[in-house]
Amino acid sequence: MFALPLTEDVELRPLDPWRAEEFLANLDRAREHISPWVASSFVATDLPSARAVLQRYAERWANDSGGIWGLWWRGTLVGGVMFVSFDATLGVCEVGCWVEPAAQGRGIVAPAVRRIIDWAVRERGIQRVEWRTNADNTRSKALASRLGLRLDGTLRQLYPGPRGRIDLEVWSVLADEWLAAPTASSPTVH
């Protein structure tokens, strides 16, 4: 019912808790690929934990503090985008994404991230959009750069990881920079 076509084969749709089974299947296909880069609390391992992840994002959306949308490629959920955090009062949000290996490199994620950034800036008045990523995640950093975000800096050894502490890079784009760059038209995000 609420789908935003991004290409002939790709739709952006709300990823509500009732889609937990589809979400879990997507995570099962993506688990090894995304586990090094996302919080362990996101990578659900069973239906109750998948439902809990989506419920947390539904509550964030209801509280105006985040949100999550899935990417359906030819009818199959293959990844998604989200506002990890969203603070309209401060005018700051953080965007994130994930995609399973079969959908990687198909140009699916960038248009979806552009859509939610554009909506946040144009419709909600967000002044600063952040992208936070493990400093070793070259694909994530390349996507941030392609989207027009700039590297603000590195938070060194911020989190413990399986092979030592992890450096976290913070990228951002400011509203005036976003609006001055050629972007997709403003979508409605439901």
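Everything below is about the structure printed above this text.
Residues numbered from 1 in each chain as written. Predicted model: local features only at pLDDT ≥ 70, side-chain atom pairs only at ≥ 80, totals over all residues. Heavy atoms only, no water.

## Examining the sheet that holds strand β6 (residues 128–134)
Defined as follows: Note on pairing: two strands pair once DSSP finds at least 2 bridges between them. Helix and strand definitions here come from DSSP, where helices need a minimum of 4 consecutive H or I residues and strands a minimum of 2 consecutive E residues; each element is numbered from the N-terminal end. Contacts: residue pairs with any heavy atoms within 4.5 Å of one another. Whenever a helix is involved, its axis is fitted only over the stretch in contact; in every case the axis is a line through C-alpha atoms, and angles between N-to-C directions fall within 0 to 180 degrees.
Strand order in this open sheet of eight strands is β1-β2-β3-β4-β5-β6-β8-β7, and the pairing throughout is mixed. Of all the strands in the sheet, the pair left with one neighbour each is β1 (4–5) and β7 (150–161). The strands touched by helix α3 (residues 109–124) are β1, β2 (10–14), β3 (67–73), β4 (76–87), β5 (92–99) and β6; relative to β4, the strand with the most contacts, the crossing angle is about 30°. Against the sheet, helix α4 (residues 138–146) touches β5, β6 and β8 (164–174), its axis set at about 160° to β6.

## Brief notes about the pattern of salt bridges
Convention followed: Criterion for a salt bridge: a side-chain nitrogen of Lys or Arg within 4 Å of a carboxyl oxygen of Asp or Glu. Burial classification: accessible surface area is computed with a 1.4 Å probe over protein chains only, and a residue below 20% of its type maximum counts as buried, one above 50% as exposed, and the rest as partly exposed.
Within this structure, the stated rule accounts for twelve salt bridges. With its nearest N and O atoms 2.8 Å apart, the salt bridge here joins Arg 19 to Glu 22. According to the relative accessible area criterion, Glu 22 is partly exposed, its value standing at 29%. Through salt bridges with shared partners, a single network forms among Arg 128, Glu 130, Arg 132 and Asp 152.

## Thoughts on the nonpolar core
The following threshold applies: To form a nonpolar core, buried Ala, Val, Leu, Ile, Met, Phe, Trp, Tyr and Cys residues must be joined to one another through side-chain atoms within 4.5 Å.
Leu 71, Phe 83 and Trp 131 are the most contacted members of the largest nonpolar core, which has 36 residues in total. It is α3 that provides the largest number of residues to this core, a total of nine residues. In contact with Trp 131, other than residues within four places in its own chain, are Val 95, Cys 97, Val 113, Ser 140, Leu 143, Ala 144, Leu 147, Leu 149, Glu 169, Val 170 and Trp 171. Among the nonpolar cores identified, the runner-up in size contains 19 residues, and Ile 34, Leu 54, Tyr 57 and Trp 72 belong to it.

## Some details on helix α2 (residues 47–62)
Operational definition: Expected helix span is given by 1.5 Å per residue-to-residue step, counting one fewer step than there are residues. Here the arc refers to the directions that run from the helix axis out to each C-beta atom.
With 16 residues, α2 extends 22 Å from end C-alpha to end C-alpha; this agrees with the ideal 22 Å at 1.5 Å per step. If you check which residues of α2 are buried, you get Ala 50, Val 53, Leu 54 and Tyr 57. Looking straight down α2, one finds its buried side chains confined to an arc of 85°; they lie on one side. Exposed residues on α2 whose side chains face more than 90 degrees from its buried face are Pro 48 and Ala 62. Where the residues of α2 are buried, they touch α1 (20–34), β3 and β4. One or two positions beyond α2, positive phi appears at Asp 64, with a value near 60°.

## Here we look at the packing of aromatic side chains
Short version of the rule: Pairing of aromatic rings covers Phe, Tyr and Trp, the last through its six-membered ring, and needs centres within 6.5 Å; plane angles under 30 degrees mean stacked, over 60 mean edge-to-face, and all others mean tilted. The criterion is that NZ of a Lys, or CZ of an Arg, lies within 6 Å of the ring centre and within 35 degrees of the ring normal, and then a charge sits over that ring.
By the definition in use, this model includes nine aromatic pairs. Between the aromatic rings of Trp 61 and Trp 69, the centroid separation amounts to 5.2 Å while the plane-to-plane angle is 90°, which identifies the pairing as edge-to-face. Of the residues examined, Trp 69 reaches a relative accessible area of 3% and is grouped as buried. Here the aromatic rings of Trp 69 and Phe 83 are separated by 5.6 Å at their centres, their planes lie at 90°, and the arrangement is edge-to-face. With Trp 69 in strand β3 and Phe 83 in strand β4, this residue pair connects regions lying 14 residues apart in the sequence. Since its relative accessible area comes to 0%, Phe 83 is described here as buried. Of note, Arg 60 hangs over the ring of Tyr 57, and the distance from its end group to the ring centre comes to 4.5 Å.

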